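What the coordinates show
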Amino acid sequence: MNKKKLTDHVSASMRMESMPLTRADKQRIALCLSGKASFQESIERLVKKHAQPNPSGK
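Let me sum up the structure you'll find in this document.

1. Comments concerning a nonpolar patch on the surface
On the surface, Phe-39, Ile-43 and Val-47 cluster together to form a nonpolar patch covering roughly 290 Å² of accessible area. In this fold, Phe-39 is placed in helix 3 (residues 39-50). The partly exposed category is assigned to Phe-39, whose relative accessible area is 47%.

2. So, the pattern of salt bridges
Inspection of the entire model under this criterion finds three salt bridges. Residue Asp-25 is joined to Arg-28 by a salt bridge in which the shortest nitrogen-to-oxygen separation is 2.9 Å. Here Asp-25 and its partner Arg-28 are both found in helix 2 (residues 23-34), three residues apart, which amounts to about one turn of the helix. Linking Arg-45 and Glu-41 is a salt bridge whose minimum nitrogen-to-oxygen distance equals 3.8 Å. Linking Arg-45 with Glu-41, this pair stays in helix 3, spanning four residues, or about one helical turn. A relative accessible area of 52% places Arg-45 in the exposed class.

Cut-offs and rules
Residues numbered from 1 in each chain as written. Predicted model: local features only at pLDDT ≥ 70, side-chain atom pairs only at ≥ 80, totals over all residues. Heavy atoms only, no water. Patch = residues over 30% accessible without salt bridge, like charges linked within 9 Å, V, L, I, M, F, W, Y side chains within 5 Å. Areas by Shrake-Rupley, 256 points an atom, 1.4 Å probe, with all protein chains shown as cover. Salt bridge = Lys/Arg side-chain N within 4 Å of Asp/Glu carboxyl O. Helix = DSSP H or I, 4+ residues; strand = E, 2+ residues; numbered from the N terminus. Buried < 20%, exposed > 50% of the residue type's maximum accessible area, 1.4 Å probe, protein only.

Structure below.
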């Protein structure tokens, strides 16, 4: 499967879950598929970015 087709497939799957990919998401996928970024490092950055402590303590 080529990179564009794979990205389109992931995008379609995410849209079905009401989670459309942003342009940044698609660029991140392209970087990983081209070997310019590792999937593991990209995942770690996203987890760190979105794992902010909840100020309400819940």
